[in-house]
Amino acid sequence: MEAFGFQEAHEAADFIGEKVEAAGLEMPEISVTLGSGLKSFADRYTDKDSRVVIPTGDIPHFARPDKQASGHDGKLIIAPIEEGSNQTMAIWAGRIHFYQRLLEKMEGEWVRITDPEVKKAAIGFYVAISKCLGVRDILTSNAVGSSNPNHNVGEIVRVSDHMLDPDDDFGVPEEAEWFERKKTDRSDYDYAKEDYFYGQGNLYSAELYRLAQDVAAEQGWQLNESVLNWRKGRGYETPAYTKARTQLGAELFGMSTAPEAIKARSIGFNNEAGGDHFAAFSLVTNVAQLESTQKLSHGEVSANGAESEGRFNPFMHQLVKSRSAERSKKAGSIV
């Protein structure tokens, strides 16, 4: 069995699905991933009687960090989008990161993951589980530093594209069709198939961006877009690195999301009309390191994220409602 592969994703989804069905809930078609300091978004859903809360460490095959990063709860919540609604959403409250010491359960014991390729697969595993659950839209969020002087702390920015360091390739492809059936054999993998090499243009959904722009406008603010620069972490960027990457076109600097976007593309989130969509929204929590005298800390990031909940929470809640209504309307017109 491949570590964090298609069969394990299906088994994890089956485990979650049983709990969702036992609670009398519908399976989610939309999910939200919460970044540092944004966990309060989940609070309005965790207080509901009709919801499922699962510690991610209880999900079969799911890796867990030896220490949870501050601002990440480490739980999955399935809850109605609105009180009394049949439509549900999945909330991943606490992603894992490459910089963390990750553990996987083997023969009943938690063992540290030392293979970097396995670690990469673990980071995007929740995306594969979401796909197997039937999720059609993944809305991710993250906390970032920004090198754009026009960005303010507390501002939400849509990720339009990303950059990786040359040695940080996350392009580990999976055939999208694997997620449409329970079992297959990797030995029949055909490297000549057209979908083995997949494009990475339009990794972040323009369709969801247009909808998000409308939501932001209704709430009285403008949603801008920028390019995200991803690094493994834990250390923040040096001033020289930040300036160089800014010259290349990046303005947002973070340690998550890009690997998940690549995973999503490799399993069929194509961001095309009628297809599955992936979008990312960055909350600017600090000014990126442009001067050597700056002092950055994760505490500052988490605190600024928490202070921005007044904008983020209603924005994401309304975006989920609008997208769910849009999907339902399209499905009704097809019928």
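Refer to the structure presented above.
What you see is a predicted model, and the numbers here were worked out from it, not measured in a lab. (Residues numbered from 1 in each chain as written. Predicted model: local features only at pLDDT ≥ 70, side-chain atom pairs only at ≥ 80, totals over all residues. Heavy atoms only, no water.)

A. Examining empty space enclosed by the protein more closely. Under the definition given, this model contains one cavity of 30 Å³ or more. Estimated volume of the largest cavity: approximately 30 Å³. Together, Ile 96, His 97, Phe 98, Ile 123, Trp 230, Met 255, Ser 256, Thr 257, Pro 259 and Glu 260 line the largest cavity. When the residues that make up the lining of the largest cavity are grouped by side-chain class, the tally is six nonpolar, three polar and one charged. (1 Å grid on protein atoms, 1.4 Å probe; cavity = no way out; pocket = protein on both sides within 12 Å on 5 of 7 lines; lining within 4 Å. Points joined across faces, edges and corners; volume = space filled by probe spheres on them. Nonpolar A, V, L, I, M, F, W, Y, C, P; charged D, E, K, R; others polar.)

B. Representation of helix α3 (residues 116–123) within the structure. Along α3, the residues classified as buried are Val 118, Lys 119, Lys 120, Ala 122 and Ile 123. Of the surrounding secondary structure, the elements contacted by the buried residues of α3 are β6 (102–106), α4 (125–133) and α7 (258–266). Where α3 begins, the capping side chain belongs to Asp 115, and its oxygen is found 2.9 Å from the backbone nitrogen of Glu 117. (Buried < 20%, exposed > 50% of the residue type's maximum accessible area, 1.4 Å probe, protein only. Helix = DSSP H or I, 4+ residues; strand = E, 2+ residues; numbered from the N terminus. Contact = heavy atoms within 4.5 Å. Polar contact = N/O pair within 3.5 Å; in protein donor to acceptor, adjacent residues only side chain to side chain.)

C. Looking closely at the side chain of His 317. If you trace the backbone, His 317 turns up in helix α9 (residues 309–334). The exposure class assigned to His 317 is buried, which follows from its relative accessible area of 8%. In terms of polar contacts, His 317 uses its side chain to reach the side chain of Tyr 45, at 2.6 Å. Discounting chain neighbours no more than four positions away, the residues touching His 317 are Phe 41, Arg 44, Tyr 45, Ile 81 and Glu 82.

D. Broad picture of the nonpolar core. Ranked by internal contacts, the top residues of the largest apolar core, which has 49 residues, are Ile 16, Ile 59, Ile 129 and Tyr 204. If you tally residues by element for this core, the top one is α4, at seven residues. Non-local contacts of Ile 129, meaning those with residues more than four positions away in its chain, are made with Ala 9, Ala 12, Ala 13, Ile 16, Ile 59, Phe 62 and Trp 92. Within the second largest apolar cluster, 31 residues are counted, among which are Val 32, Ala 79, Ile 81 and Leu 283. (Core = buried A, V, L, I, M, F, W, Y, C linked by side-chain atoms within 4.5 Å.)

E. Summary view of α7. With nine of nine residues buried, α7 lies mostly within the body of the structure. Inspection of α7 places Ala 258, Pro 259, Glu 260, Ala 261, Ile 262, Lys 263, Ala 264, Arg 265 and Ser 266 among the buried residues, and these make up the whole buried set. Within two residues after α7, Gly 268 carries a phi angle of roughly 115 degrees, on the positive side.

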